[in-house]
Amino acid sequence: QVQLVESGGGLVQAGGSLRLSCAASGSIFSINRMGWYRQAPGKQRELVAGIASRGSTNYADSVKGRFTISRDNAKNTVYLQMNSLKPEDTAVYYCNADISRIAFVGGRDYWGKGTLVTVSS
């Protein structure tokens, strides 16, 4: 009974910015790692950015310096600020989280349904 809901996708011009949000809800004891993945048509899903519970981050080389991942633990929410967007950033972006639903039990991955980001040239 855990749900991840993404929002903030849309159509932007190259060079523009967009901010994605993902809120986790349901029976949650704790949220460990959170991250954003993306998948373009005909391509495999790839990691865009990840963030640990205490804030350490990692990024795909293709987005370093342009994207910033952050989280608000009090709101069970992860964000992805995307700046200097390029047409090659066009994809469905998926939220992912490692969530423990029960105390003293390890977590497992949950996925959102995705939000489409389209960057025009």
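Calculation rules
Residues numbered from 1 in each chain as written. Predicted model: local features only at pLDDT ≥ 70, side-chain atom pairs only at ≥ 80, totals over all residues. Heavy atoms only, no water. Salt bridge = Lys/Arg side-chain N within 4 Å of Asp/Glu carboxyl O. Helix = DSSP H or I, 4+ residues; strand = E, 2+ residues; numbered from the N terminus. Buried < 20%, exposed > 50% of the residue type's maximum accessible area, 1.4 Å probe, protein only. Disulfide = S-S within 2.5 Å. Contact = heavy atoms within 4.5 Å. Core = buried A, V, L, I, M, F, W, Y, C linked by side-chain atoms within 4.5 Å. Pairing = 2+ DSSP bridges.

**Student:** Sorry if this is basic, but what is going on with the pattern of salt bridges here?
**Tutor:** Charged atoms that come close allow side chains of opposite charge to pair. This model, assessed by the stated rule, comprises five salt bridges. D109 is the salt-bridge partner of R33, the closest N and O atoms lying 3.0 Å from each other. Of this pair, R33 sits in strand β4 (residues 30–39) while D109 sits in strand β10 (residues 108–111), and the two are 76 residues apart along the sequence. The salt bridge partner of D89 is R66, with a shortest N-O separation of 2.7 Å. Taken together, the residues D89 in the loop between β8 (77–82) and β9 (91–100) and R66 in the loop between β6 (57–59) and β7 (67–72) connect sequence positions 23 residues apart. R66 shares its class with D89; the two are buried. Bridged by salt links that share partners, the residues R38, E46, R66 and D89 form one connected network.

**Student:** How should I be thinking about the state of the cysteines in this particular structure?
**Tutor:** Put plainly, two cysteines are in a disulfide when a covalent bond ties their sulfur atoms together. This structure, assessed with the given rule, holds one disulfide. Through a disulfide, C22 is tied to C95; the S-S separation comes to 2.0 Å. Across the S-S bond linking C22 and C95, the dihedral sits near -80 degrees, which makes this disulfide left-handed. One end of the pair, C22, is in strand β3 (residues 18–26); the other, C95, is in strand β9, with 73 residues separating them in the sequence. By the burial criterion, C22 is buried, and C95 matches it.

**Student:** Sorry if this is basic, but what is going on with the side chain of D98 here?
**Tutor:** Mapped onto the elements of the fold, D98 is located in strand β9. Beyond its immediate chain neighbours, meaning those up to four positions away, D98 contacts S30, I31, N32, R33, G107, R108 and D109.

**Student:** Looking at this structure, I do not really get the nonpolar core. What am I missing?
**Tutor:** Burial of nonpolar side chains together is a common tendency in soluble globular proteins. In this structure, W36, L80, M82 and Y93 are the most contacted members of the largest nonpolar core, which totals 30 residues. Looking at this core, the elements with two or more residues in it are β1 (2–7), β3, β4, β5 (46–51), β7, β8, β9 and β11 (115–120). For M82, the residues in contact, after removing those within four places along its chain, are G16, S17, L18, L20, R66, F67, Y93 and V117.

**Student:** Before we go on, may I ask you to explain the pairing of β5 in this structure?
**Tutor:** Where a strand is regular, its side chains alternate between the two sheet faces. Looking at chain direction, β4 and β5 are connected through five bridges and run antiparallel. Counterpart to M34 in the pairing with β5 is I51. Hairpin geometry of β4 and β5 is characterised by an intervening segment of six residues between the two adjacent antiparallel strands and by a positive phi of about 80 degrees at G42. Here three bridges tie β5 to β6, and the two strands are oriented antiparallel to one another. Residue pairing for β6: I51 is matched across the bridge by T57. With antiparallel pairing between neighbouring strands as the criterion, β5 and β6 make up a hairpin whose turn holds five residues, including G55 at a positive phi of roughly 110 degrees.

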